[in-house]
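# Close look at the chain arrangement
Here are the chains, one letter per residue:
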Protein chains: 2
Amino acid sequence: MVGRFVHDKLEKGRYKLTSQRAAVLDIMMDNRGRHLSADEVFFEAKTRLPNIGIATVYRTLEKMASLEILHKTVFDQGKYRYELCDENAHHHHHIICLSCNSIIEVQDDLLNSLEKHLEEQGYRIIDHELKLYAYCPDCLQKRRDDSTPDVSS
Amino acid sequence: MVGRFVHDKLEKGRYKLTSQRAAVLDIMMDNRGRHLSADEVFFEAKTRLPNIGIATVYRTLEKMASLEILHKTVFDQGKYRYELCDENAHHHHHIICLSCNSIIEVQDDLLNSLEKHLEEQGYRIIDHELKLYAYCPDCLQKRRDDSTPDVSS
DNA sequence: GTTATGCTTGATAATGATAATCACTTATGG
DNA sequence: CCATAAGTGATTATCATTATCAAGCATAAC
């Protein structure tokens with residue numbers, strides 16, 4: 001079910017909530033917190049609306065991003081990923097695990113001091129995007145397990 | 001002139017410093033601090049080596065990036081940009097002006113506290129990339145000038 | 001109810017950046 | 001000098017995204 005705030009944003013832009021757009025939005029809401037690429041959305045949309053076209057998915061994602069319903073980012077080479085905008089938590093960062101490629105969100109916003117510093121130098125900071133490349137706890141644990149001599153053999 | 005550290009890195013990888021590779025490296029060094037795309041490098045390289053092919057430019061940039069001589073990033077949609085790695089200042093961030101699209105480097109590394117926080121949670125942070133979207137002082141000044149009523153008319 | 005207007009759609013072609021292929025050249029080590 | 005491998009330029013292939021276009025539906029006007 002598409003939320004009220006999405007409805008409002010669509011209406012303000014005089015856009016219709018068609019079944020295709022609803023399907024895409026449902027998919028994004030069902031995958032809250034994940035970062036989907038256009039073809040991943042398309043694949044999932046096909047199971048709900050078999051006749052949907054890839055162009056519609058691209059158009060819908062683009063439109064939702066311009067309405068600030070979705071957030072558009074690029075994590076890997078030349079490929080956009082979209083996630084549902086979180087109404088309250090504007091500024092969040094991402095940890096990209098170098099081993100399993102999972103993307104974890106960080107809610108901490110510890111950049112205020114840096115931004116304040118730069119504002120004093122004459123910049124007006126509008127937004128920021130921080131990507132941390134790391135190994136996540138799971139992968140570190142797995143690596144430790146692998147390197148442990150196998151007792152059973 | 002290609003620096004010594006580049007030479008060393010190439011030799012360690014058993015790679016030859018051909019005239020094409022030297023040209024690309026010279027271009028990157030002449031544009032220290034700027035962020036060039038493959039076609040910008042290609043265009044400039046053509047003026048020095050008219051016969052150089054675009055494929056060689058791509059291959060060279062890719063190779064230099066894997067040797068950590070160049071740093072590969074994506075600022076705008078689906079297009080890589082390369083800059084010379086600064087030997088001392090590993091971690092620097094970028095301010096991308098939303099008005100003039102200029103890219104300014106920030107040397108301050110105020111992310112240590114955030115990283116320490118995350119390390120305590122079990123992550124091993126390898127690298128980070130911070131992009132700040134802002135209006136630079138120049139553009140803010142220009143905007144102020146524009147909005148000032150024109151006295152002469 | 002019918003017609004006109006315009007947004008939306010699906011299929012497909014076009015684009016643009018990058019990667020892969022291939023035949024040819026050049027360097028290097030025995 | 002020859003053998004092997006690395007490097008090159010031209011070209012093609014690939015892949016994500018965008019543009020085009022005819023057709024499908026709404027809603028508003030008549």
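Structure's up top.
Starting from 1, residues in each chain are numbered consecutively following that chain's sequence as written. For naming, the first written chain is A and the first written ligand is 1, with later ones following in the order written. It should be noted that, the model being predicted, local features are given only for residues of pLDDT at least 70 and side-chain atom pairs only at 80 or more, the latter also being counted only at that level, while totals for whole chains, interfaces and linings use all residues.

### What to know about the protein's contact with DNA strand D
- In this analysis a residue is considered near a molecule or strand if the C-beta atom, reconstructed from its backbone, is found within 6 Å of that molecule or strand. Inspection of the region around DNA strand D gives 22 residues, with A:Tyr80, B:Thr18, B:Gln20, B:Gly53 and B:Thr56 positioned closest.
- Of all elements in the fold, only helix H3 (38–48) and helix H4 (54–66) of chain A together with helix H2 (19–30) and helix H4 (54–66) of chain B reach the threshold of two or more residues within the surface near DNA strand D.
- Every helix listed is a DSSP run of H or I at least four residues long, and every strand listed is a run of E at least two residues long, numbered separately from the N terminus. In terms of residues, the surface near DNA strand D owes the most to one element, H4(B), which gives four residues.
- Just so you know the grouping, Ala, Val, Leu, Ile, Met, Phe, Trp, Tyr, Cys and Pro go in nonpolar, Asp, Glu, Lys and Arg go in charged, and all remaining residues, Gly too, go in polar. Of the residues assigned to the surface near DNA strand D, the class counts are eight nonpolar, eight polar and six charged.

### Section: the protein's contact with DNA strand C
- Lining the immediate surroundings of DNA strand C are 21 residues, of which A:Thr18, A:Gln20, A:Gly53, A:Thr56 and B:Tyr80 lie closest.
- When contributions to the surface near DNA strand C are tallied by element, the ones reaching two or more residues are helix H2 (19–30) and H4 of chain A together with H4 of chain B.
- No other element matches the four residues that H4(A) contributes to the surface near DNA strand C.
- Broken down by class, the residue content of the surface near DNA strand C amounts to eight nonpolar, eight polar and five charged.

### Looking at the packing of H2(B) against H4(B)
Residues and elements named next belong to chain B.
- Axes, fitted as lines to C-alpha atoms, cover a helix only where it is in contact. Angles between the N-to-C directions of the axes lie from 0 to 180 degrees. Following both chains from N to C, one finds H2 and H4 inclined at 70°, their axes separated by 10 Å at the closest point. In this view, H2 runs roughly perpendicular relative to H4, as classed from their interaxial angle. In this structure, H2 crosses over H4, and the sense of that crossing is right-handed. Across the interface between the two elements, Gln20, Arg21 and Val24 from H2 touch Thr56, Val57, Thr60 and Leu61 from H4.
- When the residues that make up the contact of H2 with H4 are grouped by side-chain class, the tally is three nonpolar, three polar and one charged. Oblique is the label for any angle not under 35 degrees, not over 145, and not in the 65 to 115 range, which are roughly parallel, roughly antiparallel and roughly perpendicular in turn. Here is the rule for handedness: rotate from the far helix to the near one, and if that takes an anticlockwise turn smaller than a right angle the crossing is left-handed, while a clockwise turn gives right-handed. Here, residue contact means that the backbone-derived C-beta atoms of the two residues sit within 7 Å.

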